[in-house]
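Listed below are the residues making up each chain.
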Amino acid sequence: MKTKKQKRQGDFQKIQLKVGKKKPKADNATNVNFRSKAIHLPEQLKHADSGPTTHRQLDIKDLLSKLHHINSNIKQGALVGLRELLSAQPTLIELHASAVLSEVAALFTDKDGSVRAAAVRLLRFIAQCISAERVAPFFPLLSAHLTCAMTHISEAIQEDALRVLDVLLEHYPGLLSQRHTVLLTNFLELISQKRKAGTGQDKSGKGGFALTISTNRSVTAQQWRLTVLLRLGSFLQAVVEERPLEEGVTSMIGLGMWAGEKGSVTSVDVSWEEHVFGKGRIQVFENSGAVPTPHSTYRLRPDSKAVAGMNKELCSAETVQGFAGTLVPLMLEIWVEAAGGDRVQTDSGHLLSAEAMALMFQILTILQLLRRLTPQRDQQDILDAWFRNSYLTDFKHHFMKNFPYGLLEVARHRKKADGKRIRQQQVATGTVAGGNVEPLALNVTLCQVMVTLSLRGQDHVEAEDADWLGTIRVFIRETLSNGGKLSSKHLAALLEVVWRMIVTQRSRVVTDDLLQAVYVQYQQRNLAVSVRTLLLHFFSQLYIQEHQNHPHIARSRILARWLASLPVQLVQLCSRNPQLSAQLLETIHPAAARGNKDLLQSLQKNACSIYDPQEGSVVVLPVESQKRLVQILHFLPTFPAELLACLSQVCNTGRVSASLATMLIRTIHLRSPLSGWSSSSQDVPVKDVDYLSFFFTTLTGFSSEMLQALQDTDEDGLMPSSTLSPLSVFTTTLEQFLHHWDVVEEVCHCLDTLGSRAQCFDVIQNAIIKNLCGLVVVPDCVCAAILRCVPRLLDVNFLPSDTLLHFLSDCCLSMLSLLLQLEQSARKRDAVWEACFAAMSTVPRLLRLVLQSLHVGDLCEEELPVLAQILSLLLQHTQLRNHMMANASLLQHIIQDLTHFYGGETREQWLTDLLYCYSVTLSGHRANMGMRDIY
Amino acid sequence: MSAPVEVVLSADSAGQLFNCAVFDPHSGSEFLSYRGGNTSSRSLTVLNGEYILGAQLGKNFINVWEIQRKDQLQQKIVCPGIVTCLCASPDGLYVLAGIAEAIYLWEMSTGNLLAILSRHYQDVSCIRFTDDSSHFVSGGKDNLALIWNLSSVVQLDSSRTPEPCHILSRHSLPITDIHCGLMGPQARVATASLDQTVKVWEVSSGEMLLSVLFDVGIMSVTFDPCEYFLFCGGSDGNIFQVSLCSTSLSRDKTFQTDSDGNQVFKGHRNLVTCLSVSMDGTLLLSGSNDETVRMWDVQSKQCIWSINHKGHVTNAVIIPAPANMFLADSHPAVPLPRFSRHLNPSEQGDGTGSGGMCLRLGASTQEREGTYLEKADELYSLMCAVTDKSVFGDGENTKVRVSELEEEVKTLKKINKDLYEFSTQLLTKPN
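Quick caveat, the model's predicted, so the values are computed rather than measured.

### Some words on the overall build of chain A
Helix and strand counts for chain A come out as 42 helices and 6 strands. Per-residue burial for chain A yields a buried fraction of 49% across its 935 residues. With an accessible surface of roughly 46100 Å², chain A has 53% of that area assigned to carbon and sulfur atoms.

Given below as structure tokens:
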């Protein structure tokens, strides 16, 4: 029994569990030390040779069919696969565009977020590959699905619909903007809902929509509105930009207001030959089709109503008004909420969070875009007036209450000086959906919006607007004049505001105040080129365009000061930035032409530096600017002697082209009363003495100092004087010679047309005798110039003095021997020939003097051939033949001497030539005698 | 001798022999001369075929002669300043004078000063009317040329200052001369400038049609009446003839002489200040600062005659001979009124008004008339009707014409066939 008992005890023995000891494993415990693996079959086993496939061997049909699968993972996988397939085989897109696009578009409203995201990615990819015109046939479908998604009851789908919109806006703005009728209401419904007819009786004036606030969104209501408004803004931008440009308004931001209002005319080329026999009529448009006469019944350009179907509703002011009428109250409400309603105490109302600022900026941008929706100027004016009537009080109340705004983080008063820091902070913290917006951008845009509401010069309105316009004015003045640097974008916007205020307010005080601020900005050093150009453009357009219509602008002191500073800037700018110089000249030229006193005074003062022959603008700038500078000379009040000296050197240094130099000479000629063109004789721009000395200096091409310096040098280009060349000739380079030759031609022509030739020649003769006759070294171009001008200017009845003639004969002989001794270019040789022969044939005494000065006895052996060549040249010239005959005895004497002194045994070629020429020339009854005498 | 159809009227700056004189365009013999003072450039004008008006050089008055009383100065009109240019409208109703920067407009029937237009910034150098007196063009030393509509200028609307209908601002140096073509508001205007270009514009739209660049500044310009050629007087004494019917389509050209119409008349030695073409387009008159007036044959470019003056030629023009000119006992139909010197006659205080009434169009009362295009259409259909009748209307003619055309079609078909065979041969030739 005991054993039984023991056994029983053994069976039910209690195991003592102790702390720290492991619990023994139960016998029936399952061993889990195995691993399992699932078997995947992602790829089909079949080898599809029918077409390209993904790495899972799925072809496009499979993928498309999978898009209808109920499981969202499979749908997503199919979308990813499609993307892979299409990026590997871009040609497939074109083939299957219709199927792919329709399937993808259907997934915009899928209830699973990841599928939608994949669909958007795929759409983005496809959009990169297909051009807008290829998508156009499928676009109605796309936009229908987009609309569906935007108006979907699920908010997540609405959010993703905006992503789709982003893609379409990025790639197909033109197509999208045609759908504005539907899309605009969709936008409204995204942030608001239609009021019930019964509830809105008190606020019915504010339109039939109320802002919606939903609590179950993933983002705050404000952020949501911001994202919607961002899209709306870019959509409107697309609508504005895609519109074919109409005259009068360009879509350029900032400079839009300055653009000229003149329509461009495209010419129709008609070849008359084709129409000579044709019965078909040529369509002719009156007035080049540009501006219709008030009587004309038709317009060449169709009215805005008929613009190709698109935009047909958004062009007129009424439709924009209708849309704005619902949108603007909503935006005002958003503004109020963003600004914090009434809970924020008044002293810090101008400080905003970054998010609120972005929201406000968007609102203002949309307001601006709304205004630009109407293309025609008159429509724009209607719209402006409407905005003013409906919303001015609201805008004033809400927008201007806390203007100017600042950023909340920087809990200090808004100042330009720390604008940079604000920006840095924003870059660091900027995570808001709409990007971050500088307070400056917000304020500037606000100014732009508000200023468009101000009306053009009506006195009673002016007083009414004075308060808020005053605030804006103060802001602009401070922003511009506190020394900060502005980016060109902000500056362009600010300048637009300034322009508008100046034009509308018509007050001299305001004009001067604002222009002063702009001028302070202008005077800053180290401005970026784009900013500098912008400012310059602003001023010059202000001067050129508005000057006439607005006396208060014309009388502005700042504008006058700016104009007066232009010549100084031109001098300082030198050759550093030719574009900027060209722009300066573009203003200086019309201002000078209009006889602006301030500019002309300044120009007169700086004329010597501008027209400096060494580093003045006239020599360092490109040709176009040089031409303008020469043209500006026409308007210079007076030409003092120093300026004329500069100009004379400019003509001769060769740094301006010969044609420009002749233009310059003509200008001075015309400005002088001697030319007989300018009839008004009350003031004399060029004194006669100065005029003549200018022309003489230009004629010689060398100043007296240079000639003096030349006397003492011994350079290589110098030909020593000898019997055959009484003057030692300094040969100039061919380039210089030819340039000077062209100049001399023009000088001679101008002097030729002076009234009294005899007196003119007398003056020139005295000048030559006084300045040139004593010289030993003479440049060849001076010789040529003298030889050229004397016969042209000589009056028949005037007897030139002996001194002059002796000098001329020296010149003539020297030049002839120079030509024979040195290798010269053909043009130079021709020029000198022409000059010498013209001189000798017009003044017979000159020829005689030349012959007389040929003393054969003094020549050395080597010079004899040269002399012979000179003589034969003279003999060959037909015009000189009669004069040579007159000097026959002298000639005979020389030739006798020549044969006598030439002791060579054989008869050289040159001597034979000379004797032949001699005999031919003197052929006739004296020939025999002459020949007999020689031998 | 029968009275000539056209006469040459010229004046110089010296005025020793005469102030201005009338010559025969074919022989150059002098018919008449008018004495007293001298005339500044572009300021000699014939008013209504009854008076000659010429502004005194450097003085502030205008000399007036009755056209038949040659020797005797009739009266002097005193102006507010030195008159730089003067022009009477072809219908004889208005006189325009450029005085410094402003343009003064007088009405001839009353002598009232209707408007002072000060849109130029510098002296006005030239004023020209279109041939129907509806528009005028003014050019100044400020590089601008302005086209004005006369009726908008004379409108009695004191709130609004008159604006030019077009501003031509493409010249870069002072404008020296202007010439208006025929055809009223549809005319073309040529402007010459010291910037070495001549530009042709359309009056109605203000668009530039052509710009020709020369080597020298241009002092004077004119068209022939058919506008085949443009004549430009250069500052070097050459006269350039530019063909306007060349086929090149570019708007900017550089002048160079060639065989088809671009030619140079050489002869003057100084600025060519005035140019004028006779009614039939065969004679070209030129006056120059070298103190000669020359008559040229346009076709051969030969100088027919030249007359020496005693000073710079300031005006030389070929005009249709006024009827009164050679009738010594004729009288002007209307006596010349006193020219008022102030805009508003009531301010003057002299109550001796002529009793006349000033008629001006109100701003809104202008009636709409048919556009010029409509008129042109009408004219065209009229012309077409005539040609249709003469060419196609007659039965006999039509038959002949049809048979001719059939003949031609036959030949063309044959040529076409030959060409086809030839080319097939060429293509199918084995090689």
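Next comes the rest of the write-up.
### Observations regarding the nonpolar core
All names here are of chain A. In terms of nonpolar packing, the biggest core is built from 282 residues, with Leu370, Ile472, Ile476 and Met840 touching the most fellow members. No other element matches helix 14 (residues 354–372), which puts 12 residues into this core. Not counting residues within four places of it along the chain, the set of residues in contact with Ile476 comprises Cys447, Leu494, Val497, Val498, Met501 and Leu514.

### A short note on empty space enclosed by the protein
Residues and elements named next belong to chain A. On inspection of all chains with the given rule, the structure shows 9 cavities of 30 Å³ or more. Roughly 180 Å³ of volume is contained in the largest cavity. If you list the elements that add at least two residues to the lining of the largest cavity, you get helix 27 (623–632), helix 29 (658–671) and helix 32 (734–752). Broken down by element, the residue count for the lining of the largest cavity peaks at 5 residues, all from helix 29. Residue classes in the lining of the largest cavity are distributed as 7 nonpolar, 10 polar and 3 charged.

### Notes on the packing of helix 7 (residues 139–150) of chain A against helix 10 (residues 180–191) of chain A
All names here are of chain A. The geometry of helix 7 relative to helix 10 is characterised by a closest axis approach of 10 Å and an angle of 15° between their N-to-C directions. With respect to helix 10, the element helix 7 is oriented roughly parallel. Crossing angle aside, the handedness with which helix 7 passes helix 10 is left-handed. On helix 10, the residues touching Leu146, Thr147 and Met150 of helix 7 are Val182, Leu183, Asn186, Phe187 and Leu190. In terms of residue class, the contact of helix 7 with helix 10 is built from 6 nonpolar, 2 polar and no charged.

### Comments concerning the packing of aromatic side chains
Applying the stated rule across the entire model yields 26 aromatic pairs over all chains. Taking the centre distance of 5.5 Å and the plane angle of 75° together, the rings of B:Phe265 and B:Trp296 count as edge-to-face. With B:Phe265 in strand 24 (residues 263–265) and B:Trp296 in strand 27 (residues 292–297), this pair connects stretches of sequence that are 31 residues apart. Overall, the relative accessible area of 0% leaves B:Phe265 in the buried class. Here the aromatic residues A:Trp499, A:Tyr519, A:Tyr522, A:Phe538, A:Phe539 and A:Trp562 are joined through ring pairs into a cluster of three or more.

### Concerning the sheet that holds strand 19 (residues 208–213) of chain B
Backbone hydrogen bonds hold the strands of a sheet together, and the pairing may be parallel or antiparallel. Residue and element names in this part refer to chain B. The 5 strands are arranged 16-17-18-19-23 in an open sheet whose pairing can be described as mixed. The sheet is open, and its two borders are formed by strand 16 (175–180) and strand 23 (252–254), each paired with just one other strand. Put simply, the sheet's adjacent strands are angled 15° from each other on average, direction ignored. Two elements, strand 16 and strand 17 (residues 188–193), share 5 bridges in a ladder whose sense is antiparallel.

### Here we look at the confidence of the model for chain B
Should the pLDDT be low somewhere, the predicted coordinates at that spot are not to be read in detail. Residues and elements named next belong to chain B. Averaged over chain B, the pLDDT score is 84; the fraction of residues at 70 or greater is 88%. With pLDDT under 50 throughout, residues 362–366 is counted as low confidence; its partners more than four residues away or in other chains account for 7 contacts. Both scores are available for the predicted complex, with the pTM at 0.75 and the ipTM at 0.79.

### Side note on helix 3 (residues 72–88) of chain A
All names here are of chain A. With 17 residues, helix 3 ought to run about 24 Å at 1.5 Å a step, and its terminal C-alpha atoms sit 24 Å apart, in line with that. Listing the buried residues of helix 3 in full gives Lys75, Ala78, Leu79, Gly81, Leu82, Leu85 and Leu86. Viewed along the axis of helix 3, the buried residues span an arc of 165°, placing them on a single side of the element. Of the exposed residues in helix 3, the ones pointing more than 90 degrees away from its buried face are Asn73 and Ala88. The elements touched by buried residues of helix 3 are helix 2 (60–66), helix 4 (91–106) and helix 5 (113–129). Of the residues flanking the start of helix 3, the one acting as N-cap is Asn71, its side-chain oxygen 2.8 Å from the backbone nitrogen of Asn73.

### Considering the sheet that holds strand 4 (residues 39–47) of chain B
Residues and elements named next belong to chain B. The 4 strands lie next to each other as 4-5-6-7, forming an open sheet whose pairing is antiparallel. Since the sheet does not close on itself, it has two edges, and those belong to strand 4 and strand 7 (75–78), each with one partner. Strand-to-strand twist in this sheet, taken as the mean axis angle between neighbours without regard to direction, amounts to 25°. The pairing of strand 4 with strand 5 (residues 51–56) spans 5 bridges and is antiparallel.

### So, the UniProt feature "repeat: WD" (unreviewed entry) in chain B
Taking the UniProt record as the reference, the feature "repeat: WD" (unreviewed entry) is found at residues 117–158, 189–211 and 265–306 of chain B. Annotated as residues 265–306 of chain B, this span is 0% helix and 57% strand, and its ends, taken at the C-alpha atoms, are 14 Å apart.

### Things to note about the domain arrangement of chain A
Residues and elements named next belong to chain A. Domain assignment breaks chain A into domain 1 (60–195 + 211–241), domain 2 (317–408 + 435–452), domain 3 (638–853) and domain 4 (863–874 + 887–934). Carbon and sulfur atoms supply 74% of the area that domain 1 and domain 2 bury against each other, a total of about 1900 Å² over both sides. On the surface where domain 1 and domain 2 come into contact, there are 0 salt bridges. Counting across the interface, domain 1 meets domain 2 through 0 residue pairs in polar contact (both at pLDDT 80 or more). Contributions of two or more residues to the side of domain 1 that touches domain 2 are made by helix 10 and helix 11 (221–242). Here the side of domain 1 that touches domain 2 gets 12 residues from one element, more than from any other, and that element is helix 11. Here the side of domain 1 that touches domain 2 is composed, by residue class, of 11 nonpolar, 6 polar and 2 charged.

### Quick notes on a nonpolar patch on the surface
Where nonpolar side chains cluster on the molecular surface, the patch consists of B:Leu419, B:Phe422 and B:Leu426 and spans about 320 Å² of accessible area. Mapped onto the elements, B:Leu426 comes out in helix 4 (residues 395–428).

### A closer look at the pairing of strand 19 of chain B
Residue and element names in this part refer to chain B. Sheet topology places strand 18 (residues 197–202) next to strand 19; 5 bridges connect them, and they run antiparallel. The residue of strand 19 that forms the bridge with Lys199 is Ser211. Counting the residues between successive antiparallel strands, the hairpin from strand 18 to strand 19 contains 5 residues, one of them, Gly206, with a positive phi of roughly 75°. With 3 bridges joining them, strand 19 and strand 23 adopt parallel strand pairing. Each bridged residue has a counterpart across the sheet, and for Ser211 the counterpart in strand 23 is Asp252.

### Describing the pattern of salt bridges
Residue and element names in this part refer to chain B. Within this structure, the stated rule accounts for 19 salt bridges over all chains. Asp177 is the partner of Arg128 in a salt bridge, and the nearest nitrogen-oxygen pair spans 3.7 Å. Of this pair, Arg128 sits in strand 12 (residues 124–129) while Asp177 sits in strand 16, and the two are 49 residues apart along the sequence. Residue Arg128 is classed as partly exposed on the basis of its relative accessible area, which comes to 24%. Residue Asp177 is classed as buried on the basis of its relative accessible area of 2%. Notably, a salt bridge pairs Asp418 with Lys414, separated by 3.6 Å at the nearest N-O pair.

### Here we look at helix 7 of chain A
Residues and elements named next belong to chain A. With 12 residues, helix 7 should reach 16 Å at 1.5 Å per residue; the first-to-last C-alpha distance of 16 Å fits that figure. Residues of helix 7 that are buried: Phe139, Leu142, Ser143, Leu146, Thr147, Ala149 and Met150. Along the axis of helix 7, the buried residues cluster in a sector spanning 160°; they form a single face. Buried residues in helix 7 make contact with helix 4, helix 5, helix 6 (132–135), helix 8 (155–171), helix 9 (173–177) and helix 10.

### Details of unusual backbone geometry
Most peptide bonds are trans, and most residues other than glycine sit at a negative phi. All names here are of chain B. Notably, Arg42 is not glycine yet its phi reads approximately 55°, a positive angle. In this structure, Arg42 sits in strand 4. For Arg42, a relative accessible area of 10% corresponds to the buried category.

### As for the environment of A:Leu820
All names here are of chain A. Residue placement: Leu820 occurs in helix 35 (residues 802–821). Remark: the alpha-carbon pair of Leu820 and Ala645, spanning 175 residues in sequence, is separated by 35 Å. Residue contacts for Leu820: discarding those within four places in its chain leaves Val866, Gln869, Ile870 and Leu873.

### Quick word on the confidence of the model for chain A
All names here are of chain A. A residue-level look at chain A finds 76% of positions with pLDDT of 70 or above and a mean pLDDT of 75. Averaged over each element, pLDDT in chain A is lowest for helix 16 (residues 419–429) (41) and highest for helix 27 (90). Scored below 50 in pLDDT, residues 197–207 shows 5 contacts in the model against residues more than four places distant or in partner chains. Long-range and interchain partners of residues 410–434, a stretch whose pLDDT sits below 50, account for 38 contacts in this model, where long-range means more than four residues apart.

Thresholds, definitions, all that
Residues numbered from 1 in each chain as written. Chains lettered and ligands numbered in written order. Predicted model: local features only at pLDDT ≥ 70, side-chain atom pairs only at ≥ 80, totals over all residues. Heavy atoms only, no water. Helix = DSSP H or I, 4+ residues; strand = E, 2+ residues; numbered from the N terminus. Buried < 20%, exposed > 50% of the residue type's maximum accessible area, 1.4 Å probe, protein only. Areas by Shrake-Rupley, 256 points an atom, 1.4 Å probe, with all protein chains shown as cover. Core = buried A, V, L, I, M, F, W, Y, C linked by side-chain atoms within 4.5 Å. Contact = heavy atoms within 4.5 Å. 1 Å grid on protein atoms, 1.4 Å probe; cavity = no way out; pocket = protein on both sides within 12 Å on 5 of 7 lines; lining within 4 Å. Points joined across faces, edges and corners; volume = space filled by probe spheres on them. Nonpolar A, V, L, I, M, F, W, Y, C, P; charged D, E, K, R; others polar. Axes fitted to C-alpha atoms, helices over the stretch in contact; angles between N-to-C directions. Parallel < 35°, antiparallel > 145°, perpendicular 65-115°, else oblique. Left-handed = near helix turned anticlockwise from the far one by under 90°. Phe/Tyr/Trp six-rings, centres within 6.5 Å; stacked < 30°, edge-to-face > 60°. Pairing = 2+ DSSP bridges. pLDDT = per-residue confidence, 0-100. Expected span 1.5 Å × (residues − 1). Arc of directions from axis to C-beta. Polar contact = N/O pair within 3.5 Å; in protein donor to acceptor, adjacent residues only side chain to side chain. UniProt positions renumbered as here; feature names shortened; annotations may be inferred. Domains from an automatic or database assignment. Buried area = accessible area lost by both parts, 1.4 Å probe. Salt bridge = Lys/Arg side-chain N within 4 Å of Asp/Glu carboxyl O. Patch = residues over 30% accessible without salt bridge, like charges linked within 9 Å, V, L, I, M, F, W, Y side chains within 5 Å.

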